[in-house]
Each structure stands twice: as structure tokens, then as C-alpha cells.
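Inside the fold
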Amino acid sequence: MERLDRALTAAAALLLVALGCLPLANWIPGGLSAPWYSAVAGDLLNGSAIALGLGVVVAILTRHRQLPRLPGLKEWMASAGPEWLAALGLLAFALYALVARAIFSGRPLLIDEIVQVFQARILTAGHLTLPAAAHQEFFSSFHVVEQGGRVYGQFPIGGPAMLALGTLVGAEWLVGPVFGALSVLGFGALVRRIEPRRGVALGATLLFALAPFAVFMAGSHMNHVTTLCWLVLGCWGLSRAVTDEARWRDGLLTGLGFGLAATIRPADALAFAVPAGIWLLVRAIRRRRVAVLLASGLGIALPVLLLAWVNWKTTGAPLRFGYTVLWGRAHDLGFHATPWGPVHTPVRGLELLNLYLLRLQSYLYEAAGPALLPATAALALTRRLRPFDRYLLAASALLLAAYFAYWHDGFYLGPRFLYPLLPVLALWTARLPAAIRERTGHGAVLRATTVALAAAVLLGMATALPTRVRQYRGGLLSLRWDPNRAAAAAGVRGALVLVRESWGAELIARMWALDVSRPDAEALYRAADPCRLELALSELEQRSARGAVAVAALAPLRADSARLVKAEEITGDPSLRLTRGMRYPASCLRKLEENRAGFTLFAPLLLARGGGNVYARDLGARDSLVLRDFPERPVYLLRPASGRVGAEPQFSRLERDSLLAAWRAGR
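Now for a look at the structure at hand. Throughout this description, residue numbers start from 1 for each chain and increase along the sequence as written. Residues qualify for local features only when their pLDDT is at least 70, as the model is predicted, and side-chain atom pairs are given and counted only at 80 or more; totals for whole chains, interfaces and linings, by contrast, use all residues. Hydrogens and water molecules were not included; the side-chain quantities draw on all heavy atoms of the structure.

Looking at empty space enclosed by the protein
- Here a cavity denotes a set of grid points, spaced 1 Å apart and computed over the protein atoms alone, in which a 1.4 Å probe fits but from which it cannot get out, and a pocket denotes an open set meeting protein on both sides within 12 Å along at least five of seven lines; residues with an atom within 4 Å of a point are reported as lining. Grid points are joined across faces, edges and corners, and a volume is the space filled by probe spheres set on the points. Per the counting criterion, the structure on display carries 8 cavities of 30 Å³ or more.
- Considering the residues around the largest cavity, the lining is formed by 15 residues, among which Tyr152, Gly153, Phe155, Val310 and Thr314 are closest to the centre.
- What counts as a helix is a DSSP run of H or I of at least four residues, what counts as a strand is a run of E of at least two, and both are numbered from the N terminus. Those elements that provide at least two residues to the lining of the largest cavity are strand E3 (150-153) and helix H14 (290-314).
- Considering every element that reaches the lining of the largest cavity, the biggest residue donor is H14, with 3 residues.

In C-alpha cells form, the structure reads like this:
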């Protein structure tokens, strides 16, 4: 068994070195890359040199004396009960809540968060879906499914259901901090069971709770936080279910944890549930622990059956998710064409894993050295594994395999797809001093390493962490704007508010209105000249051509891609590209002028609910349709006063007669 353990730890260490240190993506031509690698690697190496140099100096200066120790620390660690864990959980909750409000303004800032809050509010209203509007293109959004006259979010129901708990108390922003703190409590209880060295268990729990990656994620509305909480619960139940004293309720707890995680992020849950199920099955065969196995199966079946029922009621099939309805089978795991962008291949999967682990070196601890280096060294120095270590390594390998086969680059607040690795990385990071002590004793190497690790953390807190805080606080300004407060201040009540989005967003929404699928609309927008697309859509709208006819008519525009160039200084939009040297007609020049004058985002206004206002996307002359649907409401235009980044949207009163006259004149 020791030989197998050495092979496992060596393989894990080599994987972290290869994918977490080497810029493989930069060496593979024609694919994804990390252009920031040299600068980031340079900073990490400089920080490591400073921290290690300090560690070596301290080790030399103290080679003939003992380092100072806190009185009673060892005894406290040996006897510490659940009180300290409860205190840490409260501290973590307070920190996460502070981040949620002070850094993220208590608002969902990513489209994934927005749509899941949107679905959460549908759930708290007692529904799974909403009826589609008469002209749904004015209210549609990325990641929102419109199917059979119904509207709902594309994500598995578990994430919105967790956020709905916050909706019920009017504080969705608290869901992340609460589940983040519960994860700390669960991990603290788990690590005390699987790690007999109390100092290591304490260090791992502190790292898990206070790692900046964990802190920032727990302050968000992202579903990774609730997923990890249930995964930790499943792991804790498993740590009890594989003992000789196990009872059926331990198996039930294991299954419930993984099953609830599956209702939020099925791939993450599968990575942890499969090796757990195999372990319990082997124990059931060898030791006749059938009750525990059956209870775990029941525990995982209950949430998964609920998920399947919701899928059946929404998408029409128990195993079909909203994102498959929206984007097709190209959204699923595997190597194939993607909903947008290049074909996903094994090489591209390798590039993505490389990018995730390279980013994790900085985002995990925001320290002045590579974050994965301590865990890598601890793995390399370890000769024997405990059974639960093998389980966690197997689950981690399956998680990496899942995202190796997934096409999307999941980057937000760090490499978010690797967030479930936080317990494993925290544990192995905390094990490094103990691993060195077992190999070298209480000598200079241990002293130098301990001081270097502490120095790297302190240097990171003084340099990298404040920079990250400023980055997060100063980003996504347009999504922090509060439409309810602004509408009340402007006296806008019971109105129809037309929201001025970018020209590109308008083009995409108009394609959706012609029943062009989301993948086709994305592909066309990325390839076609916007003016040619504008003129083609206007012609199709006049002919009332839809579906396959519209797709066929627009398909030739994909040939524009080779001639398009970025022109943000002209368009005001980095996603909008123009054809070099083309003379644009007045109607398209007017669209470009409107773009430069300023636009905002419609998706956050899905959540606006103050003042009885109805927010609809501004689609130019097509607005006459939505004006007919709301004939008695005063009409306002919502757009920033200028194209300056961060300019707040403002409400401007519009007159219906003037609007209709302008549309008839083609303005």
C-alpha cells in the first residue's frame, strides 16, 4: 500500500507542478494563452525569494536557540472543543458579510448571479416559471430560457432554491455568507475526524475559512458556495459512514450532502459522489454494511428525484437542464463544437486546466508566493496516505477531469470551477510543516519553511490583497447601480421604462425575436458586420420571416468575420467590430453615435421591483409594440448621461406622440 500511496502523491505533485507552474497554454500554438504569466510569475518569484530569504536568515540566527512559543498553545490545540470552531464560524460569517456589502455592494454582479436571483424570486412567488410576455424580446436576457410560452432561468434549481431563502427575508446577499460560514463549521468538524494532528487540523480550518479565494466567493451570490457547503456535509457524513461504528443515518447524511450539491452543480457532486459510492459499496461487500450503503443511496436519490421532477416540469425531460434547452447539446461535457467560440478538444481542455491552476497560484491565498507550492511539497514528502486522503485525491482528480471536458473558461473571482478543491488544498497546505518535521526533525529546514510561509502571507496581505480589494470594489460599476432607489429619487412610478442597451445587445435580442437560436445568434453577432446585420434584420422583420428562414437569410453574413477589426474608439463597445474601409449608411452611423453616447445593461433590471415600473429593452422603432402593450403608462428612457465608464443611468421622460413621429420618419 505504501508503494501505491507514493505513486498517488507523486502523481498529484507532478500534476500540480506541470499544470500549476508551467505555462503550457502559452507553448501550444493557436489556442488559449496566459499573456499575464510572465508578470505574475515574476511577482510570485520575487515574493518567494523575499519570504524564503527571511526564513533562511531567521533559521541561521536561531540555529542555537528555540523559537518563541505561545504559552499553552500546544495544550490548547489538544483540548480545544467545538467552542473555538463556533467562534471561527461566527468570525467567518462576519467577514463574508462585510465583503458582500462593502466590496460587492450586496448585489449580484455576474449574469449567472443575476439570473439565479431572478429564478429565486420566481420560486418564492410559488412558481417554477413565469408566463412569457406578448413581445418577450423586450424582456429577454442571456441565460433566461423562453420555451413554450414560459420563462425561467437556465441553471439547475438547487442554486436558486438556496438564494430563495434569502429572498424570503429580503436579503439574498446573506446566502453566501451564511453557507460559507456553515462550510467552515462542516470542514472544521470533518478535518478533526480525518486529521489526528490537532495543529494541522487547526491550520487547515483557518486556511479554509480565511483564504481570500474563499472569502471573496462567500461574499458573492455564486452557487459554488452553497455547492461546497453540501459537499463538505457529504464528506463529513462519509467520514462517519466508513467507520466500524457507522449507522444508517451516517450513510443518509452522506447521500443527502452529495444529492443536494447535485441539485446545484451536478458535475461537482458527481466528482465527489462516485468515489464515495465505490468506497461504500466495497465496504458493504466486505463487511456487510449494507444498511449504510442503502441509506446513502436513499439520501442522494431524494434531492436528485426532486431535481428531475423540476426539470420535467420546466424543460420537459427529467435529465434535461435549462442550459441544454437554451444552447443545445453543445453546452454539455465532451469534446465537440461549443455554443460559441472554437471547438472544444482535449488540447483545449488541457489549456483550460493549465489556466485554472496558474490563476489559483495567485487567487487562492493572495500570498507573496505560489499558493500551490506548499501543498505540492507536502504531497511530495508524504509516503503514507490515510483512506480519506485517497478518497479526496480521487474526487479531486474526477473534478479536474470533468472540467477538462468542459468548454467554458470559468473565471470569476478566480478560477471558480476549482472552488471545490479548497478543502483538499487547505488540508495539504497545513500539512507541510508536519511533513518537513517528520523528514528532518525540528531543525533549520522546518524553521526556515515556517517563517517563509508566514512571511509570504504577511507580504501578500500588505501588497496583493489590498490591490485585489480595490480591483473588486472598483469593478462592474454599472451593475452596482440601484434602479429602485434611483427611480424613487426621480419620481418615476408606474412607468414603462425603455432601457438603452448597446447596439450589439439590441441586435442579439432582435435575432432572438426572430426565433434564431441562442448559439446561432451568438455566432452571427461574432462574425457579421453590425451594420449589415442591422439592415438584414430590418428586412426580415418587415417580411415577418422567422426561424429557419431567418437563419438561412443571415447565414451569408458569417463571411464578414475575416474583414472585421476592433474599433472601440468608434463604437464605444469592445465587442462590436467594424469592416475596415466600409462606408456606412446614415442609419448605422446614428447607431454608432448612440453607442458612444452611452448605454447600460438590461439584465440587472430583471430584478428591479420598486415603484411599479416595467423595464423593457429599447429596440428602436419596434418599441411601438411594447408601447401598445402598456398604453396607459408614462414612458421614460433609461441611459447614462455620457459614454464615460461608470456614468450612472438617468431617467428621461418621453412623449408617445414624438416617439411615433420619429419612428415614422426613420429616426
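Focus: the sheet that holds strand E4 (residues 496-499)
- Whether two strands pair depends on DSSP finding at least two bridges between them. An order of E7-E4-E8-E9 is seen for the 4 strands of this open sheet, with the pairing classed as mixed. Two strands in the sheet have a free side with no partner beyond their single neighbour: strand E7 (614-617) and strand E9 (649-654). With direction set aside, neighbouring strand axes in the sheet form an average angle of 30°.
- In the sheet, strand E8 (residues 635-640) pairs with E9 via 6 bridges, with the strands oriented antiparallel. Helix axes are fitted only over the stretch in contact, all axes being lines through C-alpha atoms; the angle between N-to-C directions runs from 0 to 180 degrees.

With respect to the pairing of E7
- A 1.4 Å probe rolled over the protein chains alone gives each residue an accessible area, and that area as a share of the maximum for its type sets the label: buried under 20%, exposed over 50%, partly exposed in between. The side-chain alternation of E7 yields two buried faces, one formed by Val614 and Ala616 and the other by Tyr615 and Arg617.
- Pairing between E4 and E7: 4 bridges, direction parallel. In the sheet register, valine 499 faces E7, and the bridge partner there is arginine 617.

Some thoughts on the environment of leucine 360
- With respect to the secondary-structure elements, leucine 360 resides in helix H16 (residues 346-363).
- The contact partners of leucine 360, leaving out residues within four places of it in the chain, are Phe213, Ala371, Leu372, Pro415, Leu418 and Leu425. Contact between two residues is taken to exist if any of their heavy atoms lie within 4.5 Å; hydrogens are not considered.

Some details on the side chain of histidine 344
- Residue position: histidine 344 is located in the loop between helix H15 (322-327) and H16.
- Relative accessible area serves as the criterion here: at 1%, histidine 344 is assigned to the buried category.
- In this view, histidine 344 contacts Gly334, Phe335, His336, Thr338, Gly349, Leu352, Phe404, Ala405, Tyr406 and Trp407; residues no more than four positions away in its chain are not counted.

So, the packing of helix H1 (residues 2-21) against H16
- Running from N to C, H1 and H16 point in directions that differ by 90°, and their axes come no closer than 7 Å. Comparing the axis directions of H1 and H16 gives the class roughly perpendicular. Between H1 and H16, the contacting residues are Leu16, Ala18, Leu19, Gly20 and Cys21 on the first element and Leu350, Leu353, Asn354, Leu357, Leu358 and Gln361 on the second.
- Basically, the charged four are Asp, Glu, Lys and Arg, the nonpolar ten are Ala, Val, Leu, Ile, Met, Phe, Trp, Tyr, Cys and Pro, and anything else, Gly included, counts as polar. A class-by-class count of the residues in the contact of H1 with H16 yields 8 nonpolar, 3 polar and no charged. Any angle between 65 and 115 degrees counts as roughly perpendicular, while under 35 counts as roughly parallel, over 145 as roughly antiparallel, and the rest as oblique.

As for the nonpolar core
- Residues belong to a common nonpolar core when they are buried Ala, Val, Leu, Ile, Met, Phe, Trp, Tyr or Cys residues joined through side-chain atoms within 4.5 Å. Membership of the largest hydrophobic core comes to 142 residues, with the highest contact counts inside it found for Phe272, Leu364, Tyr391, Leu392, Tyr615 and Phe651.
- At 9 residues, helix H11 (residues 223-241) tops the list of elements feeding residues into this core.
- Setting aside its immediate chain neighbours within four residues, phenylalanine 651 contacts Trp481, Pro483, Ala486, Ala487, Ala490, Val492, Val497, Tyr615, Tyr636, Leu637 and Leu638.

Some words on the state of the cysteines
- The definition used for a disulfide is geometric: two cysteine sulfur atoms within 2.5 Å. Evaluated as defined, the whole model comprises 1 disulfide.
- What pairs with cysteine 531 in a disulfide is cysteine 588, and their sulfur atoms sit 2.0 Å apart. Across the S-S bond of cysteine 531 and cysteine 588 the torsion is about 80°, and the bridge reads as right-handed. You can see cysteine 531 sitting in helix H26 (residues 530-543) and its partner cysteine 588 sitting in helix H29 (residues 586-597), a full 57 residues away along the chain.
- What makes cysteine 588 buried here is its relative accessible area of 0%.

Quick word on a nonpolar patch on the surface
- Residues form patches when they are more than 30% accessible in relative terms and have no salt bridge. Like charges link within 9 Å. Nonpolar side chains (Val, Leu, Ile, Met, Phe, Trp, Tyr) link within 5 Å. Areas reported as accessible are Shrake-Rupley estimates using a 1.4 Å probe. Residue values count occlusion only from the protein chains shown. By salt bridge we mean one thing: a side-chain nitrogen of Lys or Arg within 4 Å of a carboxyl oxygen of Asp or Glu. Together, Leu270, Val274, Ile278, Val282 and Leu398 make up an exposed nonpolar region whose accessible area comes to about 400 Å².
- Summarising the element assignment, leucine 398 is placed in helix H18 (residues 387-404).
- A residue is classified by how much of its surface remains accessible, and leucine 398, at 35% relative accessible area, is partly exposed.

Comments concerning the pattern of salt bridges
- Across all of its chains, the model carries 30 salt bridges by this definition.
- When salt bridges with common partners are traced through the structure, they connect Glu195, Arg197, Arg386, Asp389, Arg431 and Glu438 into a single cluster.

Examining the packing of aromatic side chains
- What counts as a ring pair is set by centres within 6.5 Å for rings of Phe, Tyr and Trp (its six-membered ring), and what kind of pair is set by the plane angle: stacked under 30 degrees, edge-to-face over 60, tilted for all other angles. According to the stated counting rule, one finds 21 aromatic pairs in the structure shown.
- Pairing phenylalanine 321 with tyrosine 323 gives two aromatic rings, centres 5.4 Å apart and planes at 20°, and the pair type is stacked.
- By relative accessible area, phenylalanine 321 is classed as buried at 14%.
- Between the aromatic rings of tyrosine 403 and phenylalanine 417, the centroid separation amounts to 4.5 Å while the plane-to-plane angle is 15°, which identifies the pairing as stacked. Of the two residues, tyrosine 403 sits in helix H18 while phenylalanine 417 sits in the loop between H18 and helix H19 (422-430), which places them 14 residues apart along the sequence. Across the pair, exposure class does not vary: tyrosine 403 and phenylalanine 417 are buried alike.
- Through pairs of rings, three or more aromatic residues link up here, namely Phe142, Trp327, Trp340, Tyr356, Tyr403, Tyr406, Trp407 and Phe417.
- Lysine NZ or arginine CZ positioned within 6 Å of the ring centre and within 35 degrees of the ring normal marks a charge as sitting over the ring. Across the ring face of tryptophan 428, the terminal group of arginine 431 is positioned such that the distance to the ring centre comes to 4.6 Å.

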